[in-house]
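Each chain is listed here by its residues.
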Amino acid sequence: MDKETLIQGLNQDLAHEYQAIIQYVTYAATVSGIHRGELKEFFLAEIQDELRHAQFLADKIAALGGKPTTQPAPVPEAATPRAMLEAVLQAEKETIARYVERMKQAEAYGDYGLANDLQEIISEETRHKEETEKLLKGTWQE
């Protein structure tokens, strides 16, 4: 594993953290329906974790000699509360897979501190995924 490949991967992760921040801000502002209050708070509560992850990644990229990206990954549009939660769930699944890959790359590169930090982020993202799955259970009426 070479440093440039690791930096490129971390920049991909950073772009997706930016995406998540924009996604949660947008969904919190636009969610409607009887569960608006709870879902708005759910979306807003996630922003701080994603922002912390983005800052960690940007700092690590810079420490490795790279330039942190400023471009977010595309944000999925969703018009209903259920569609918003389904988009969040899909993003969490993809994020976990990316971070598992990045953790393996960090280990192969010999950066065990980064690998450990990524493992902690994987745990946080897994909790986000599980909370979203719980919200999606049951019947929904839009």
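Everything numeric here is computed off the predicted structure, so don't read it as measured data. Per chain, residues are indexed from 1 in the order of the written sequence. At least 70 in pLDDT is required for a residue's local features to be given in this predicted model, at least 80 for side-chain atom pairs to be given and counted, and no such filter applies to totals for whole chains, interfaces and linings, which use all residues. Processing note: side-chain calculations cover all non-hydrogen atoms of the structure and skip hydrogens and water entirely.

Caption draft 1: Representation of the overall build of the chain in the model. Secondary structure elements are defined from DSSP: runs of H or I of at least 4 residues count as helices, runs of E of at least 2 residues count as strands, and each element is numbered from the N terminus. Tallying secondary structure elements over the chain gives four helices and zero strands in all. Traced from its N-terminal end to its C-terminal end, the chain shows the element sequence α-α-α-α. Restricting the calculation to C-alpha atoms gives the radius of gyration, and the globule rule supplies 2.2 Å times the number of residues raised to the power 0.38. Computed over its C-alpha atoms, the radius of gyration of the chain comes to 16 Å, within 12% of the 14 Å expected for a compact globule of 142 residues. Buried means the residue's accessible area, taken with a 1.4 Å probe over protein chains only, is under 20% of the maximum for its type, while exposed means over 50%, and partly exposed covers the values in between. Taken across its 142 residues, the chain has 44% of its residues classed as buried. Within the chain, counting contacts between residues at least 6 apart in sequence, those at least 24 apart form 82% of the total. When the accessible surface of the chain is split by element, carbon and sulfur atoms take 52% of a total near 7600 Å². Positive residues here are Lys and Arg, negative ones are Asp and Glu, while His and the chain termini are left out of the count. Taken as the charge centre is NZ of Lys, CZ of Arg, CG of Asp or CD of Glu, depending on the residue. Here the chain holds 15 positive side-chain charges and 25 negative ones, and the gap between their average locations is 1 Å. Residues count as neighbours in contact if any of their non-hydrogen atoms are within 4.5 Å of one another. Accessible areas in this description were obtained via Shrake-Rupley with a 1.4 Å probe; residue shielding takes into account the shown protein chains only.

Caption draft 2: Structural context of the side chain of aspartate 111. Along the chain, the position of aspartate 111 falls in the loop between helix H3 (81-109) and helix H4 (112-136). A polar atom in the side chain of aspartate 111 sits 2.9 Å from the backbone nitrogen of leucine 114. Apart from residues lying up to four places away in sequence, aspartate 111 is in contact with Lys60, Leu64 and Ala106. Here a polar contact means two N or O atoms within 3.5 Å. Within protein one must be a hydrogen donor candidate and the other an acceptor candidate, and residues neighboring in sequence count only if both atoms are side-chain atoms.

Caption draft 3: Broad picture of the pattern of salt bridges. Within this document, salt bridges are pairs made up of a side-chain nitrogen of Lys or Arg and a carboxyl oxygen of Asp or Glu, the two lying within 4 Å of each other. Overall, the coordinates contain eight salt bridges when judged by the stated rule. As a salt-bridge pair, arginine 52 and aspartate 49 come within 2.6 Å of each other at their nearest N and O atoms. Remark: aspartate 49 and arginine 52 occur in helix H2 (residues 36-63); sequence separation between them is three residues, near one turn of the helix. According to the relative accessible area criterion, aspartate 49 is partly exposed, its value standing at 21%. Across the pair glutamate 131 and lysine 134 runs a salt bridge whose closest N-O atoms are separated by 3.6 Å. With glutamate 131 and lysine 134 both in helix H4 and three residues apart, this pair spans about one turn of that helix.

Caption draft 4: Representation of empty space enclosed by the protein in the model. Here the term cavity refers to a set of points on a 1 Å grid, laid over the protein atoms alone, in which a 1.4 Å probe fits but cannot get out; the term pocket refers to an open set having protein on both sides within 12 Å along at least five of seven lines, with lining residues being those that place an atom within 4 Å of a point. Grid points are joined across faces, edges and corners, and a volume is the space filled by probe spheres set on the points. Per the counting criterion, the structure on display carries one cavity of 30 Å³ or more. Here the largest cavity defines a volume of roughly 90 Å³. In this structure, the largest cavity is lined by 13 residues; those nearest its centre are Ala20, Glu50, Ala91, Glu92 and Thr95. Here the lining of the largest cavity takes six residues from helix H1 (residues 3-30), the largest share from any one element. By the convention adopted, Pro, Cys, Tyr, Trp, Phe, Met, Ile, Leu, Val and Ala count as nonpolar, Lys, Arg, Asp and Glu as charged, and the other residues, Gly among them, as polar. Residues that form the lining of the largest cavity fall into these classes: four nonpolar, four polar and five charged.

In short, the description is geometric, and any link to function would need to be established separately.
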